[in-house]
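A structural walkthrough
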Amino acid sequence: EASNTSPARHRKLGEGTYAVVYLGHLRLEPQSLVAIKKIKVNAEYRDGLSMDAIREVKYLQELSHPNVIALHDVFSSKDRNLNLVLEYLPLGDLEMLIKDENIQYGLADIKAWMGMLVRGVWFCHENFVIHRDIKPNNLLIASDGEVKLADFGLARSFADPYLNMTHQVITRWYRPPELLFGARQYSAVVDVWSIGMVFAELLLRVPFVAGNSDMDQIAKISEAFGTPTEENWPGVTSLPNYVPPGDRVNPLQGREFFLRQFPTAGPVGGDLLMSMTTLDPRKRNSTRKILEHSWWRSDPKPTPKEALPKKS
Ligand code: ADP
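The name recorded for the protein in an unreviewed UniProt entry is Serine/threonine-protein kinase KIN28, from Talaromyces proteolyticus.

**Details of the overall build of the protein**
A tally of regular secondary structure across the protein gives 10 helices and eight strands. Counting the 312 residues in the protein, one finds 35% classified as buried. Summarising the internal contacts of the protein: among those between residues at least 6 apart in sequence, 66% fall at separations of at least 24.

**Describing the site of the ligand**
Residues in contact with the ligand amount to 16 residues; listed here are only the nearest, G14, G16, A19, V21 and A35. Going through the elements one at a time, β2 (12–15), β3 (19–26) and β6 (82–87) are the ones with two or more residues in the shell around the ligand. Among the elements that take part in the shell around the ligand, β2 stands out by supplying three residues, more than any other. Taken together, the residues that form the shell around the ligand break down as nine nonpolar, four polar and three charged.

**A few points about the UniProt feature "active site" (unreviewed entry) in the protein**
Under the present numbering, the feature "active site" (unreviewed entry) in UniProt falls on D133. You can call D133 buried: it has 20 C-beta atoms within 10 Å.

**Things to note about the pairing of β2**
One ladder, built from three bridges, connects β2 with β3; its direction is antiparallel. Paired with E15 across the bridge in β3 is V20. Here β2 folds back onto β3 in antiparallel fashion, the turn holding three residues.

**A look at the nonpolar core**
Core analysis: the biggest nonpolar cluster contains 66 residues, and W113, L117, I195 and F199 have the highest contact counts within it. Among all residues touching L117, those that are not within four sequence positions of it are L139, V147, I195 and V198.

**A short note on the environment of L84**
With respect to the helices, strands and loops of the structure, L84 is situated in strand β6. The exposure class of L84 is buried, given the 25 C-beta atoms found within 10 Å. Sequence spacing of L84 and A210 is 126 residues, and the spatial spacing of their C-alpha atoms is 31 Å.

**A closer look at the pairing of strand β5 (residues 71–76)**
In the sheet, β5 pairs with β6 via five bridges, with the strands oriented antiparallel. What sits directly across from L71, in β6, is L86. Where β5 folds back on β6, the antiparallel hairpin that results is connected by five residues, among which R80 adopts a positive phi of roughly 65 degrees.

**With respect to the packing of helix α3 (residues 107–126) against helix α6 (residues 189–204)**
The contact between α3 and α6 brings their axes to 11 Å, and the two run at 170 degrees. If you check the angle between α3 and α6, you find them roughly antiparallel. Crossing handedness for the pair α3 and α6: right-handed. Counting all contacts with α3, which are made through I110, W113, M114, L117, V118 and V121, the residues of α6 involved are D191, I195, V198, F199, L202 and L203. For the contact of α3 with α6, the residue count by class is 11 nonpolar, no polar and one charged.

**Observations regarding the environment of I141**
Among the secondary structure elements, I141 is positioned in strand β7 (residues 139–141). Between the C-alpha atom of I141 and that of L89, which follows or precedes it by 52 residues, the distance is 5.8 Å. I141 has contacts with L89, L91, G92, D93 and V147, leaving out every residue within four places of it along the chain.

**Re α3**
The end-to-end C-alpha distance of α3 is 28 Å, a good match for the 28 Å that 20 residues give at a rise of 1.5 Å each. The positive-phi residue at the C-terminal boundary of α3 is F128, with phi of around 65 degrees.

**Looking at α6**
Taking 1.5 Å as the rise per residue, α6 with 16 residues should run 22 Å; its terminal C-alpha atoms sit 23 Å apart, in good agreement. α6 sits mainly inside the fold: 15 of its 16 residues count as buried. R205 occupies a position one or two residues after α6 and carries a positive phi of about 65 degrees.

**With respect to the environment of I103**
Inspection of the secondary structure puts I103 in the loop between α2 (94–99) and α3. Considered as a pair, I103 and P309 are 206 residues apart in the sequence and their alpha carbons are 7.0 Å apart. Apart from the residues lying within four places of it in its own chain, the contact partners of I103 are L97 and P309.

Conventions we followed
- Residues numbered from 1 in each chain as written.
- Predicted model: local features only at pLDDT ≥ 70, side-chain atom pairs only at ≥ 80, totals over all residues.
- Helix = DSSP H or I, 4+ residues; strand = E, 2+ residues; numbered from the N terminus.
- Buried ≥ 20, exposed ≤ 12 C-beta atoms within 10 Å, placed from the backbone.
- Contact = placed C-beta atoms within 7 Å.
- Near = placed C-beta within 6 Å.
- Nonpolar A, V, L, I, M, F, W, Y, C, P; charged D, E, K, R; others polar.
- UniProt positions renumbered as here; feature names shortened; annotations may be inferred.
- Pairing = 2+ DSSP bridges.
- Core = buried A, V, L, I, M, F, W, Y, C linked by C-beta atoms within 7 Å.
- Axes fitted to C-alpha atoms, helices over the stretch in contact; angles between N-to-C directions.
- Parallel < 35°, antiparallel > 145°, perpendicular 65-115°, else oblique.
- Left-handed = near helix turned anticlockwise from the far one by under 90°.
- Expected span 1.5 Å × (residues − 1).

Shown next as structure tokens:
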């Protein structure tokens, strides 16, 4: 057995679509709590998980950054399920905060959360890891208020696709247009689009573009930001799942739109959001560029992490 975690403590922390999560602790350090995520492994993998997948997990174990959840260990249990030993993050996630009407937060808090999110994603990109599923529910909160990027699509790539189909929620609202159009070659800026959607949702406290199908998502993106065309996005019409817009072509939105739609962000914040939600991925800003934006240095200053609003 590869793990150094004790099976003695088995309080269930929660259950997701692909996994059950238990509380545990490291055998040699009983005071340090960990979350053990037991993934319901696809039957196809049971006789041996794909080498690519294992390599990816091993690689994630080496990534160490304050805004990326720590993966302490990976082991397979007697039932041949895959177990991830993760940093224990007791304060829920950003989705809970956004939805909790008893919690009030302002632009300084949003700036702090966004800063932690962008730094975590920047670090992943520097290490050639693209997350591909950034959403408020995957941004977990540590006891000191630090936001940590979690759920690297691992659960999904190993999980049994026939399990729990009914409560499977496909995260579409944060997906960039190039993935919705079926692009097979894509770059790290897919994550930047998702970061933009999280930013918009933190400001509005409701998801900004919430399509009820992939087609509807594309339609809503076009309504909100402008219709993708060969002019604003050379090559878009050749993508595998591209659908012509019909007779309604909306022009690309400019600065005034972002100011009107997101008044609380201010002109500098609106400009930052605009640079994250550029339709053409080649023109979208990288996380490095985003960290250089003047919004981070403009007022208000980000709230210190210990002073951020918490779930009750
Ligand atoms: P989902 O992404 O659908 O919430 P997960 O399988 O990732 O599902 O997690 C299920 C639940 O387990 C989460 O909602 C959360 O309550 C809990 N959980 C997951 N990871 C951790 C962690 N690292 N620390 C504490 N609790 C966790």
